[in-house]
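# Working through the structure, step by step
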Amino acid sequence: ENPPVSGKATGSRSLLPGANGEPTMEDKRKIPIIEWEDLDKRKFYMFGVFMTMAIRVSVYPFTLIRTRLQVQKGKRLYGGTFDAFAKILRAEGVPGLYRGFLVNTFTLISGQCYVTTYELTRKYVAQYNDSNMVKSVIAGGSASLVAQSITVPIDIVSQHLMVQGQDMGRFRELPGEAAGKQQLVMGRTKDVMLQIFRLDGLKGFYRGYAASLLTYIPNSALWWPFYHLYTEQLCYVTPSFCPHLLVQAVAGPMAAATSSTLTNPMDVIRARLQVEGCHSMVQTFRQLMQEEGAWGLSKGLSARVLSSTPSALCIVVGYETLKKLSLRPELVDSRHW
């Protein structure tokens, strides 16, 4: 849910040159940004797939828990994030925390489309505006738009698999012989896709598309201002010898937690719209208010924060490392970190 970091110039504190030739915060702000044209694209995509997969494996259990908490009625099954984690682990084992993961790995495609769109948009916007923040906000929103167009159908199938067998959503997992002709049986991925297609046709795979855009584009756009704000404030309170990457590594998760909190209400509506099959965001919102009140808009928040903050940390540290590893050979000696 968080945009990749492409710029280093985020601090605002100007210091005099440090003793013994040590770099100051001003020096750190002048570190050259690795842009799209500097990259060896083959290395960039190869390393990018491995990095994205590692992040998804680590945070997927919390993504699954978030979805179940958002879709369940009240606290019928789980009392919270850690209660859900313990119950799923006890009842379903580790595989239960990775239901739908295989389908979800197809979002690796959208991940690569995200970073490509992000970098190309930054390059285009740079022709009209040199502000790193402006380039990042526009590029992040554009990248989210492209990525969600690919991700939504995958998310819909994987979310149905996440809640499989939990008496949630439109479908129920029942033994074949016990299921009547009028009942919907949730089984393998192919069966899930067939059920969605029979109920809604092709448009069923884009159910909640607008809600997804209203969740992830603002999330991406909000992340950047908060990221710059937190980095700036942290630069004021950290000593000059503190590595700038460490400041960024703290600011990234803080920005992720803030943007996740602010966009969580729409994320709850998105999850319910896609899994329960409501016809509109307004209908889903009204139903949620009637059943659970305003408190329902905070469902799954802690799980969402727990999944987004490690991702932000990996992205802040890992994405810049990825770009350094992907530098074209002739530029390696011209970039110092």
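For clarity, every value in this text was computed on a predicted model and none was experimentally measured.

The rules behind these values
Residues numbered from 1 in each chain as written. Predicted model: local features only at pLDDT ≥ 70, side-chain atom pairs only at ≥ 80, totals over all residues. Heavy atoms only, no water. Salt bridge = Lys/Arg side-chain N within 4 Å of Asp/Glu carboxyl O. Helix = DSSP H or I, 4+ residues; strand = E, 2+ residues; numbered from the N terminus. Buried < 20%, exposed > 50% of the residue type's maximum accessible area, 1.4 Å probe, protein only. Core = buried A, V, L, I, M, F, W, Y, C linked by side-chain atoms within 4.5 Å. Expected span 1.5 Å × (residues − 1). Bend = angle between axes of the 7 residues up to and from the residue. Patch = residues over 30% accessible without salt bridge, like charges linked within 9 Å, V, L, I, M, F, W, Y side chains within 5 Å. Areas by Shrake-Rupley, 256 points an atom, 1.4 Å probe, with all protein chains shown as cover.

### Digging into the pattern of salt bridges
Scanning the model with the defined rule gives twelve salt bridges in all. R66 serves as the salt-bridge partner of D267, at 3.6 Å between the closest nitrogen and oxygen. With D267 in helix α9 (residues 244-276) and R66 in helix α2 (residues 41-71), this pair connects stretches of sequence that are 201 residues apart. Of the charged contacts, one joins E92 and R99 as a salt bridge, the two residues approaching to 2.9 Å between their closest N and O atoms. On the basis of relative accessibility, which here comes to 21%, the residue E92 falls in the partly exposed class. Residue classification places R99 among the partly exposed residues on the basis of a relative accessible area of 22%. A cluster of three or more residues bridged by salt bridges with shared partners is formed by K73, R272, E276, E291, E292 and K299.

### Quick notes on the nonpolar core
Judged by nonpolar contacts, the single largest core of 21 residues is most densely connected at Y114, Y118, W223 and Y227. Looking at this core, the elements with two or more residues in it are α5 (107-125), α6 (132-162), α8 (209-237), α9 and α11 (301-325). Sorting elements by how many residues they give to this core places α8 first, with six residues. In terms of nonpolar packing, the next biggest core, distinct from the first, is built from 16 residues, L69, V71, A84 and I88 among them.

### Digging into helix α3 (residues 81-96)
Under the 1.5 Å per step criterion, the end-to-end length of α3 is only 15 Å for 16 residues, more than 12% shorter than the ideal 22 Å. The largest bend in α3 is about 85 degrees, located at R90.

### Some remarks on a nonpolar patch on the surface
Residues M46, F47 and F50 make up a contiguous nonpolar surface patch of roughly 300 Å² in combined accessible area. With respect to the helices, strands and loops of the structure, M46 is situated in helix α2. You can call M46 partly exposed: its relative accessible area is 38%.

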